[in-house]
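Coordinate inspection notes
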Amino acid sequence: MSQQLQSTFTVTRTLAAPPERVFAAFSDLEEKMQWFVGPSDWIQKDPSMDFRPGGSEVNIGGPDEEHLSEFHCHYYDIVENERIVYTYEMSFAGAKLSVSLATIELAPAGDGTLLTLTEHGVYLDGHEDPALREEGTRGLVDQLAAYLERVRA
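About the cut-offs
- Residues numbered from 1 in each chain as written.
- Predicted model: local features only at pLDDT ≥ 70, side-chain atom pairs only at ≥ 80, totals over all residues.
- Heavy atoms only, no water.
- 1 Å grid on protein atoms, 1.4 Å probe; cavity = no way out; pocket = protein on both sides within 12 Å on 5 of 7 lines; lining within 4 Å.
- Points joined across faces, edges and corners; volume = space filled by probe spheres on them.
- Helix = DSSP H or I, 4+ residues; strand = E, 2+ residues; numbered from the N terminus.
- Nonpolar A, V, L, I, M, F, W, Y, C, P; charged D, E, K, R; others polar.
- Contact = heavy atoms within 4.5 Å.
- Expected span 1.5 Å × (residues − 1).
- Buried < 20%, exposed > 50% of the residue type's maximum accessible area, 1.4 Å probe, protein only.
- Polar contact = N/O pair within 3.5 Å; in protein donor to acceptor, adjacent residues only side chain to side chain.
- Salt bridge = Lys/Arg side-chain N within 4 Å of Asp/Glu carboxyl O.
- Pairing = 2+ DSSP bridges.
- Core = buried A, V, L, I, M, F, W, Y, C linked by side-chain atoms within 4.5 Å.

1. Considering the layout of surface pockets
Volume-wise, the largest pocket comes out at about 850 Å³. F36, M90, G136, T137 and L140 are, among the 37 residues lining the largest pocket, the residues nearest its centre. Of all the elements in the fold, those that place two or more residues in the lining of the largest pocket are β4 (56–62), β5 (69–79), β6 (83–92), β7 (95–109), β8 (112–124) and α3 (130–152). Top element by residues in the lining of the largest pocket is α3. It accounts for 9 residues. In the lining of the largest pocket, the residues fall into 22 nonpolar, 9 polar and 6 charged.

2. A short note on the environment of T116
Looking at the element boundaries, T116 is found in strand β8. Distance in space between the C-alpha atoms of T116 and L106 is 6.6 Å, their sequence separation being 10 residues. Discounting chain neighbours no more than four positions away, the residues touching T116 are T10, V11, T12, T103, I104 and E105.

3. Comments concerning α3
Counted at 1.5 Å a residue, the expected span for α3 with its 23 residues is 33 Å, and the 33 Å between its end C-alpha atoms agrees. Every buried residue of α3 is listed here: P130, R133, T137, V141, L144, A145, Y147 and L148. The backbone nitrogen of A131 has a side-chain oxygen 2.9 Å away, supplied by the residue at the start of α3, namely D129.

4. A short note on unusual backbone geometry
A positive phi angle is found at N81, which is not glycine, with a value near 65°. Positionally, N81 belongs in the loop between β5 and β6.

5. Things to note about the pattern of salt bridges
The tally for this structure, following the rule as stated, stands at 10 salt bridges. Of the charged contacts, one joins E89 and K96 as a salt bridge, the two residues approaching to 3.6 Å between their closest N and O atoms. Between R138 and E134 there is a salt bridge whose closest N-O contact spans 2.9 Å. In this pair, R138 and E134 are both assigned in helix α3, 4 residues apart and thus about one turn of the helix distant. Relative accessible area serves as the criterion here: at 24%, E134 is assigned to the partly exposed category. Ionic contacts of the salt-bridge type, sharing partners, join the residues E119, E128 and R133 into one network.

6. Here we look at the pairing of β7
Here 10 bridges tie β6 to β7, and the two strands are oriented antiparallel to one another. In the strand pairing of β7, T87 is matched with L101. Connecting the antiparallel pair β6 and β7 is a turn made up of 2 residues, with A93 showing a positive phi of about 50°. In this sheet, β8 lies alongside β7 in antiparallel orientation, the contact comprising 12 bridges. Paired with L106 across the strands is L115, a residue of β8. From the end of β7 to the start of β8, which pair antiparallel, there are 2 residues, and G110 there has a positive phi angle of about 65°.

7. A word on the nonpolar core
Counting 32 residues, the largest nonpolar core has I84, Y86 and L115 as the members making the most contacts within it. Breaking this core down by element, the ones donating at least two residues are β1 (4–15), α1 (19–27), β5, β6, β7, β8 and α3. Here this core gets 5 residues from one element, more than from any other, and that element is α3. Look past the residues within four positions of Y86 in its chain and what remains in contact with it is C73, H74, Y75, Y76, S100, L101, A102, I104 and L117.

Next up, the structure:
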């Protein structure tokens, strides 16, 4: 029998940009590709995004052609400047790692935005440790925060 592990985590962060600006960083592919990326030496395949309920997103990259990380996303609910609900599956080097349900909530916080990202993941066949996924997600939120600081300046 295959091994699976379920885990839920929440990342909260106050970002130095209003909700409209944060929402744009998620909803515009050109903007998203400024922060939703792997290390600078990774190969990046042509990403695609159809940002609407029922739409999808694909982002593939990795250190080389044999070790590609694949993000396949489906959007279910989007409330402009407030909420994004989506599922996604992650694969690496051809092995499916996980399937997740995620919600991003944006709320005004002074001049900025309180971002709350909650994810429930099912990690398949022992390919990934949920703690590593949470760490990676926190790293992406750090990259988002740095991007928002750069475009604000």
